[in-house]
Amino acid sequence: MAGGGGRDADPIWEMWMRSPKDFFRPLAVGAPEPVRDVPFRPSRMIHFFDPGNPKMAAKVPAIAPTVDVLLGNLEDAVAADRKEAARAGLVEVAKSVDFGETQLWTRINSLDSPWALDDLLTLVTEIGDRLDVIMVPKVESAADIHYVDRLVAQLEARAGIRRPILVHAILETPAGVANVEEIAGASPRMQGMSLGPADLAASRRMKTTRVGGGHPGYLVRQDPDGERPDAPRAVFQQDLWHYTIARMVDACAAHGILPYYGPFGDIKDTVGCEDQFRNAFLLGCVGAWSLHPVQIGIAKKVFSPAPEDVAWARRVIAAMGDGTGAVMIDGKMQDDATFKQCQVVAELAETLAARDAELRAAYAAAGEDR
Ligand SMILES: CC(=O)SCCNC(=O)CCNC(=O)[C@H](O)C(C)(C)COP(=O)(O)OP(=O)(O)OC[C@H]1O[C@@H](n2cnc3c(N)ncnc32)[C@H](O)[C@@H]1OP(=O)(O)O
Ligand SMILES: CC(=O)C(=O)O
Ligand SMILES: [Mg+2]
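- The name an unreviewed UniProt entry assigns to the protein chain is Citrate lyase subunit beta, from the organism Streptomyces albospinus.
- Quoted verbatim from the Cofactor (unreviewed entry) field of the UniProt record, the comment on the protein chain reads "Mg(2+)".

**Regarding the site of ligand 1**
Phase 1: Around ligand 1 there are 16 residues in total, and Phe48, Lys55, Lys59, Leu291 and His292 lie nearest to it.
Phase 2: In the environment of ligand 1, an oxygen atom lies 2.6 Å from a nitrogen or oxygen atom belonging to the side chain of Lys59.
Phase 3: One of the side-chain nitrogen or oxygen atoms of His292 is found 2.7 Å away from an oxygen atom of ligand 1.
Phase 4: Alone, ligand 1 offers 950 Å² of accessible surface; in the complex the protein occludes 61% of this.
Phase 5: Residue assignment for the shell around ligand 1 shows that the elements contributing at least two residues are β1 (45–49) and α2 (54–63).
Phase 6: Per-element tally for the shell around ligand 1: the top contributor is α2, with four residues.
Phase 7: Here the residues of the shell around ligand 1 sort into nine nonpolar, three polar and four charged.

**Some words on the pattern of salt bridges**
Phase 1: Applying the stated criterion to the full structure yields 20 salt bridges.
Phase 2: Notably, a salt bridge pairs Asp132 with Arg163, separated by 2.8 Å at the nearest N-O pair. Taken together, the positions of Asp132 in the loop between α4 (116–127) and β4 (133–136) and Arg163 in the loop between α5 (142–159) and β5 (166–171) put the pair 31 residues apart, joining distant regions of the chain.
Phase 3: Asp132 sits in the buried class, given a relative accessible area of 9%.
Phase 4: Residue Arg163 is classed as partly exposed on the basis of its relative accessible area, which comes to 40%.
Phase 5: Among the ionic pairs, Arg315 bridges to Asp330, the shortest N-O distance being 3.0 Å.

**Thoughts on the layout of surface pockets**
Phase 1: By volume, the largest pocket amounts to about 1,100 Å³.
Phase 2: Taken together, 42 residues form the lining of the largest pocket, with Phe281, Pro305, Val344, Val345 and Leu348 sitting closest to its centre.
Phase 3: Looking at the lining of the largest pocket, the elements with two or more residues in it are α9 (242–255), β9 (258–260), α10 (270–283), α11 (294–303), α12 (307–319), α13 (336–353) and α14 (357–369).
Phase 4: Across the lining of the largest pocket, the residue classes break down as 26 nonpolar, seven polar and nine charged.
Phase 5: Taken together, 18 residues form the lining of the second largest pocket, with Asn73, Asp76, Ala77, Arg107 and Leu291 sitting closest to its centre.
Phase 6: Among the elements that make up the lining of the second largest pocket, the one with the highest residue count is helix α8 (residues 197–204) (three residues).
Phase 7: A per-class count over the lining of the second largest pocket returns ten nonpolar, three polar and five charged.

**Topic: the pairing of β1**
Phase 1: Of all five residues in β1, five are buried; the element is thus mostly enclosed.
Phase 2: Burial along β1 is two-sided: Met45, His47 and Phe49 and Ile46 and Phe48, pointing in opposite directions, are all buried.
Phase 3: Taken together, the three bridges between β1 and strand β10 (residues 288–290) define a ladder with parallel strand orientation. Bridge pairing links Ile46 to Trp289 in β10.
Phase 4: In terms of strand pairing, β1 meets strand β2 (residues 69–73) through four bridges, oriented parallel. Bridged to His47 within β2 is Leu70.
Phase 5: A crossover links β1 with its parallel partner β2, the connecting element being α2, and its sense is right-handed.

**Some words on the packing of aromatic side chains**
Phase 1: One pass over the full model with this rule turns up six aromatic pairs.
Phase 2: Relative to Phe277, the ring of Tyr261 lies with its centre 6.0 Å away and its plane at 55 degrees, an arrangement referred to as tilted. Highlighted residues: Tyr261 in the loop between β9 and α10 and Phe277 in helix α10, separated in sequence by 16 residues.
Phase 3: A network of ring pairs unites the aromatic residues Tyr261, Phe277, Phe281 and Phe303 as a single cluster.

**Brief notes about the site of ligand 2**
Phase 1: Surveying the vicinity of ligand 2 reveals the residues Arg107, Glu172, Gly196, Pro197, Ala198, Asp199, Pro263 and Trp289.
Phase 2: Arg107 is positioned such that a nitrogen or oxygen atom in its side chain is 3.0 Å from an oxygen atom of ligand 2.
Phase 3: Here ligand 2, which alone exposes 210 Å², has 95% of that area covered by the protein.
Phase 4: Assessed atom by atom at 2 Å from the grid points, ligand 2 resides in the second largest pocket.
Phase 5: When residues of the shell around ligand 2 are assigned to their parent elements, the largest contribution, three residues, is made by α8.
Phase 6: When grouped by side-chain class, the residues that make up the shell around ligand 2 number four nonpolar, one polar and three charged.

The rules behind these values
Residues numbered from 1 in each chain as written. Chains lettered and ligands numbered in written order. Predicted model: local features only at pLDDT ≥ 70, side-chain atom pairs only at ≥ 80, totals over all residues. Heavy atoms only, no water. UniProt positions renumbered as here; feature names shortened; annotations may be inferred. Near = heavy atom within 4 Å. Polar contact = N/O pair within 3.5 Å; in protein donor to acceptor, adjacent residues only side chain to side chain. Areas by Shrake-Rupley, 256 points an atom, 1.4 Å probe, with all protein chains shown as cover. Helix = DSSP H or I, 4+ residues; strand = E, 2+ residues; numbered from the N terminus. Nonpolar A, V, L, I, M, F, W, Y, C, P; charged D, E, K, R; others polar. Salt bridge = Lys/Arg side-chain N within 4 Å of Asp/Glu carboxyl O. Buried < 20%, exposed > 50% of the residue type's maximum accessible area, 1.4 Å probe, protein only. 1 Å grid on protein atoms, 1.4 Å probe; cavity = no way out; pocket = protein on both sides within 12 Å on 5 of 7 lines; lining within 4 Å. Points joined across faces, edges and corners; volume = space filled by probe spheres on them. Pairing = 2+ DSSP bridges. Right-handed = clockwise from strand over helix to strand, strands pointing away. Phe/Tyr/Trp six-rings, centres within 6.5 Å; stacked < 30°, edge-to-face > 60°. Sits in = over half its atoms within 2 Å of the grid points.

Structure follows, in structure tokens:
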């Protein structure tokens, strides 16, 4: 043992003596202390841009103040012969743009690709002090997170980074879905998870050709009318993603990390996008990806609780006093459980309004209307 000063005195000794109790210890000597709680910062939209595309990169300073998260994408949608340019572009953007309160994330290439190692080596050592979250695609099990966790710790130590970079997994393989709980709890570095409906559809051998959203063929049909067997029967389109999003939300909530819906590829279908985002919001997701500027406003609208819902939540909280017992408000029973639901809505509204003056004003006005 180097130094011989015992466990408390010697960080090398600490590294050798790992046990389950060491979950919250740094994975490399000199790496920052892991976080105990995932910081809840607004992340209603994770706005994707290709840092190697000069037109998109030029828009970053103007877009940054309008989004909660800007993500420099290095993986799918960046052509193989432009991977290095995208990586270099992200370094340039991170060093030159003032992001203010907006978070900077990246999506690295998948761990089995020729680029992932250099993505991590370059980004953590060159802009690790500016990166909030590294999104890892095609995560299949806790082992993938453990690999990234250790490597990032080593690189943080080398770069002298004082604030740990967090990790976000994309749920986009059948193995990933099967192992979603162990992935969620794999490391204190885990910030959250997004659904990846396009790769998940391909690897499940689903017969769709879309990026998220529903499908007109996935439906339930009204029973035939016994009197009029030829009469038209209503059809109700079903949600292809309900099962996976619900599993992801439970795994994330159980491990204290944040769930997100991912991308909606039909950019022109703003109504369908809003519906998909809202389903995810109602099920517990805190945000979604925006692939095009037109989706930024949709995510902002959907993932900010509606002013009337916030006013209602505040009214129930006020009426419930210490949060126990039962009261009747407008004909609806309220008790400890509805009080807690209302706290979720009111606390989210407060966090978002703290950095959004327009929202603050809307919530205040809705309260006055009551
Ligand atoms: C399954 C998955 O992995 S999803 C994640 C990976 N995919 C992505 O990241 C896709 C990101 N988005 C894009 O690449 C583009 O938005 C596309 C290809 C979908 C559409 O791009 P375009 O055909 O250029 O769209 P459009 O013509 O409407 O763009 C309007 C303007 O917005 C810009 N723009 C488009 N998308 C973005 C963006 N994500 N961020 C910043 N600016 C953008 C365009 O450069 C264009 O600028 P201009 O007016 O100066 O010419
Ligand atoms: C989000 C993503 O990467 C996918 O849908 O495949
Ligand atoms: Mg994918």
